[in-house]
Amino acid sequence: MSSTRRHLLLGAPRFTAQDLPASDALTAWRQLLLARGPAQAATAAGGEFAVALEDEAGRVFLAVDKFAVHSLCYRIDGGQLRFAARADELADATPEIDPQAIFDYLFFHAIPSPRTIFKGVYRLPPGHYAWFENGQLSVAPYWQARFEEASVPRPLDELREEFQGLLRQAVQRQIGPDGLPACFLSGGTDSSTVAGMLARLGDGTRPHAYSIGFQAEGYDEMEFARIAARHFGCEHHEYYVTPEDLLQSIPKVAGHFDQPFGNSSALPAFYCAQQARQDGATRMLAGDGGDELFGGNSRYAKQRIFNWYQQIPGPLRRGLLEPLEPALSRSGLGLLRKTGSYVEQASVPMPDRLQMYNLVMRLGLSEVLSPAMLGAIDTAAPLAHQRQVWRATPSCSALNRELAFDWRYTLAESDLPKVVGATGLAGIGVGFPMLDDELLDFSLRLPTDHKLKGLQLRWFFKEALRGFLPDEIITKKKQGFGLPFGVWTHRDPRLQALGADSLRGLAARGVVRAEFVEDLLNRRLAEHPAYFGEMVWILTMLEQWLRAKAPDWRLA
C-alpha cells in the first residue's frame, strides 16, 4: 500500500526536532505524524508550507503554515478525501458555483477560507490542520497568536540590535541556494528594508529591485522607490503600467486565480514579477507583513481614537451623546457632523465597526444584488465569519487583537494570495522575510506602545531602522501599489467598454441588478471615479473569472 499513498508537499518547512532529516521533508512529516499525531506534527513545523499525506491505514493529514502562504484545498468525494493546491483542481467538469461565495467575494474582495467558490470544495484556513479517518473529517487550529508582552520592557538599544539581526537572518533564509534574488520595491518601509538587507548581504553584487509607477496623480510613488534604490545601491528597474496593459492583462490575471480575486494590486505585482522573470530572476522577495506585525496601517491609529470613546462615562455616552448622534450626523455644520460620525462609529463594537463603510453594504444590497441572488445567500455570514475570528484571539490589547485579525484577512486571505498568484503567473518564486517565524515571535513579545506609540504608527520599527533607511522613507505616508483603475476607466473608452461588457455579463447571469449596473457606469463612476471604480473593478474581475472557469454558469 505504501507505493500508492498520496501526498502533496509545498514550500520549505523548517522542523524544530533535531532528529528529523532536513533534506527529506516527506520522511520528516511521516515520522512526525507517526510519533506525535496530527496536531503536534503541524506544531513542530515552521516556515511556509502546505502538506497533505496519506498514511498506511488510509488516513489523511493536511496542514498549512501560520499565514497559509501556500494554499491547500480539499473535498470529500465517494468517501475519500481529495486534496490539491488549487480549488479549481477539485471542481467538477461542470462546476457548481456557490452564490454565498460570490457574496463573500463582493464583501471581502476575496473568498475567505474555508469556503471556496465551488460548492463542496474547501480551503484549509491559516494555522490549521485537518485529519480524515474512517470517512470523518476534523479541522482545527494548531496555532493561534499569543501576545506575551514583558512586564518590564527591554532597553531600546537591545531590542534594536536583536531586531536588525532577525531581519538579516530572515532575508538570508529567503535568498536560497541560487544566489541573490530580486525584490519588489514600492518605496515603503517594508520593501525598502528588504532591499537594504539584500544589499548588506550581497557579495558585492547589486540586488535587483523592481518598481511599478502610474501616470496618475496621487497613485505614483516611484520617487520614493528611487530614493531607496540609490541609498542601497540597487540595480533599479522601473515599469509604468498603462491602460493598455490593463486591457491585455485583466482577463489573464483574473483567469489565473483558482477563484475570483479582487485585490487590484495583483496586476502591478504581476508586471513587477514578469519583468524580473524576463531579466532572468528565479525568485523575488516581498515586504508583505511588516505593517501587520509591527503596527503600520493607518486604521490602527483610527481605531485607537474610536476606542477612546469607551473611556467616556457610560451615563454620558448612553444618556446624551448616542441619543444626539442622528441629529449631529445630519447637521449642516462640519464639526457637528464629524462629531456625529465619530459617535456613530465608536458606539459599534469591533470587528463590526470595520465594515461600517464596506463598499457593497454602503451601496445597499437590494440596490446592487438581484432578487434571486438575495434569496440565495445569507447576508450576515461574512460578518459572522469575522466575529468568530475576532473572538478566537486570546486576551490581549486592542491593537494586538487588530493585528491578529489582519493576519487572517489582510495577509492570509488577500495580500499573500495576491503576491503568490502574481509571481506564479509570471513563473517566478517568491519569499516573505517579514513573516519569518523568529520575527513573528519577536513581534508577539513587543510592547503594544512600541507598535503604536500614541498615534505614531510602527514606532519601534522606524526607530530601530533610523539611520539604516533613508529619512524620506521613514517619514513618508503609506501608499503601495494601488491601481488607478477607476480614474483610467472614467477616461479611457476601451476600459469603459471592458467594464461595461463585464458588468452587463454579471447582470445577465442574475448576480446584480441591470439597473444598478447602468447607474454605476453612467452616473456614479463619473461622480467619484476612485471610489466607484473599486466596485467596477471587483465586478469586472468576477465576470472575467467566470468567463474563464464557468462560462455557462447562471444563477438559477
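Residues numbered from 1 in each chain as written. Predicted model: local features only at pLDDT ≥ 70, side-chain atom pairs only at ≥ 80, totals over all residues. Heavy atoms only, no water.

## Some details on the packing of helix α7 (residues 243–256) against helix α17 (residues 398–426)
Next up, step 1: With their axes 10 Å apart at the nearest point, α7 and α17 run at an angle of 110° to one another. Of the possible angle classes, the one that applies to α7 and α17 is roughly perpendicular. By crossing handedness, the relation of α7 to α17 is classed as right-handed. Here Lys252, Val253 and His256 of α7 come into contact with α17, specifically with Gly421, Gly424 and Leu425. (Axes fitted to C-alpha atoms, helices over the stretch in contact; angles between N-to-C directions. Helix = DSSP H or I, 4+ residues; strand = E, 2+ residues; numbered from the N terminus. Parallel < 35°, antiparallel > 145°, perpendicular 65-115°, else oblique. Left-handed = near helix turned anticlockwise from the far one by under 90°. Contact = heavy atoms within 4.5 Å.)

## Digging into the pattern of salt bridges
Next up, step 1: Taken as a whole and assessed by the stated rule, the structure comprises 40 salt bridges.
Next up, step 2: Measuring nitrogen to oxygen at the nearest pair gives 3.2 Å for the salt bridge that ties Lys66 to Asp437. Highlighted residues: Lys66 in the loop between β3 (60–64) and β4 (73–77) and Asp437 in helix α18 (residues 437–445), separated in sequence by 371 residues.
Next up, step 3: A relative accessible area of 17% means that Lys66 is categorised as buried.
Next up, step 4: Between Glu223 and Arg226 there is a salt bridge, with the nearest N and O atoms lying 3.5 Å from each other. Of this pair, Glu223 and Arg226 both sit in helix α6 (residues 222–232), separated by three residues, roughly a single helical turn.
Next up, step 5: Taken together, the shared-partner salt bridges in this structure form one network comprising Arg154, Glu158, Glu162 and Arg445. (Salt bridge = Lys/Arg side-chain N within 4 Å of Asp/Glu carboxyl O. Buried < 20%, exposed > 50% of the residue type's maximum accessible area, 1.4 Å probe, protein only.)

## Quick notes on the pairing of strand β8 (residues 136–141)
Next up, step 1: For strand β7 (residues 128–133) and β8, the ladder comprises six bridges, and the chain directions are antiparallel. Opposite Tyr129, over in β8, you have Ala140 as the bridge partner.
Next up, step 2: Where β7 folds back on β8, the antiparallel hairpin that results is connected by two residues, among which Asn134 adopts a positive phi of roughly 55°. (Pairing = 2+ DSSP bridges.)

## Section: the pairing of strand β2 (residues 45–54)
Next up, step 1: The buried fraction of β2 amounts to nine of the ten residues, a majority that puts the element mostly inside the structure.
Next up, step 2: One ladder, built from nine bridges, connects strand β1 (residues 7–15) with β2; its direction is antiparallel. The partner of Phe15 across the bridge, within β2, is Ala45.

## Examining α18
Next up, step 1: Within the sequence span of α18, burial applies to Asp437, Leu439, Leu440, Phe442, Ser443 and Leu444.
Next up, step 2: One side-chain oxygen of the residue at the start of α18 lies 3.0 Å from the amide nitrogen of Glu438, identifying that residue as Asp436. (Polar contact = N/O pair within 3.5 Å; in protein donor to acceptor, adjacent residues only side chain to side chain.)

## Re the packing of helix α3 (residues 99–108) against helix α16 (residues 381–392)
Next up, step 1: Interhelical geometry of α3 versus α16 gives an angle of 70° and a closest axis separation of 9 Å. With respect to each other, α3 and α16 are oriented roughly perpendicular. Two secondary-structure elements touch here, α3 through Gln100, Phe103, Asp104, Phe107 and Phe108 and α16 through Ala381, Pro382 and Gln386.
Next up, step 2: Looking at the contact of α3 with α16 residue by residue, the class counts come to five nonpolar, two polar and one charged. (Nonpolar A, V, L, I, M, F, W, Y, C, P; charged D, E, K, R; others polar.)

## A short note on the nonpolar core
Next up, step 1: Counting 141 residues, the largest nonpolar core has Phe163, Trp407 and Met535 as the members making the most contacts within it.
Next up, step 2: Per-element tally for this core: the top contributor is α17, with eleven residues.
Next up, step 3: Apart from the residues lying within four places of it in its own chain, the contact partners of Met535 are Leu359, Val360, Leu363, Val368, Phe516 and Leu520.
Next up, step 4: In this structure, Ala17, Ala28, Leu32 and Ala45 belong to the second largest nonpolar core, which totals 20 residues. (Core = buried A, V, L, I, M, F, W, Y, C linked by side-chain atoms within 4.5 Å.)

## Section: the environment of Ser347
Next up, step 1: Looking at the element boundaries, Ser347 is found in the loop between α12 (334–346) and α13 (359–363).
Next up, step 2: Ser347 sits in the partly exposed class, given a relative accessible area of 31%.
Next up, step 3: Separated by 60 residues in sequence, Ser347 and Trp407 have C-alpha atoms that sit 25 Å apart.
Next up, step 4: For Ser347, the contacting residues outside a window of four places in its chain are Tyr309 and Glu322.
Next up, step 5: Within the structure, the side chain of Ser347 is placed 2.6 Å from the backbone oxygen of Val343, a separation counted as a polar contact.

## Thoughts on the side chain of Arg75
Next up, step 1: In this structure, Arg75 sits in strand β4.
Next up, step 2: Judged by its relative accessible area of 12%, Arg75 falls in the buried class.
Next up, step 3: Side-chain polar atoms of Arg75 contact the side chain of Asp92, separated by 3.2 Å.
Next up, step 4: Once residues within four sequence positions are removed from consideration, Arg75 is found in contact with Gln80, Leu81, Arg82, Leu90, Ala91, Asp92, Gly120 and Val121.

## Some words on the sheet that holds β3
Strand-to-strand pairing in sheets goes through backbone hydrogen bonds, with the strands running parallel or antiparallel.
Next up, step 1: Strand order in the open sheet formed by five strands is β1-β2-β3-β7-β8, with antiparallel pairing between adjacent strands. On the outer flanks of this sheet lie β1 and β8, each paired with one strand and no other. Averaged over all pairs of adjacent strands, the angle between their axes in this sheet comes to 20°, without regard to strand direction.
Next up, step 2: Helix-sheet contacts for helix α1 (residues 25–36) involve β1, β2, β3 and β7, and the interaxial angle to β1 is about 85°.

## Comments concerning unusual backbone geometry
Next up, step 1: Omega for the bond connecting Ser113 with Pro114 falls within 30 degrees of zero, at 10°, which places this linkage in the cis form.
Next up, step 2: Inspection of the secondary structure assignment puts Pro114 in the loop between α3 and β6 (122–123).
Next up, step 3: With an omega dihedral of 5°, the bond running from Met350 to Pro351 counts as a cis peptide bond.
Next up, step 4: Phi at His109 takes a positive value of approximately 70°, unusual for a residue other than glycine.
Next up, step 5: Among the secondary structure elements, His109 is positioned in the loop between α3 and β6.
Next up, step 6: By relative accessible area, His109 is classed as buried at 18%.

## Topic: the sheet that holds strand β13 (residues 429–431)
Next up, step 1: Taken in spatial order, the five strands make up an open sheet running β11-β10-β9-β12-β13, and their pairing is parallel. The two strands at the open ends of the sheet, each matched to only one other strand, are β11 (235–241) and β13. Going across the sheet, the axis of each strand differs from the next one's by a mean of 30°, ignoring polarity.
Next up, step 2: Of the strand pairs in this sheet, strand β10 (residues 208–214) and β11 are connected by seven bridges, and their pairing is parallel. By the bridge assignment for β11, Ser211 is matched with Glu238.
Next up, step 3: Relative to the sheet, α6 contacts β10 and β11, its axis offset from that of β11 by approximately 170°.
Next up, step 4: Across the sheet, helix α8 (residues 266–278) lies against β9 (182–184), β10, β11 and β12 (283–285), angled at about 140° from β10, the strand it touches most.

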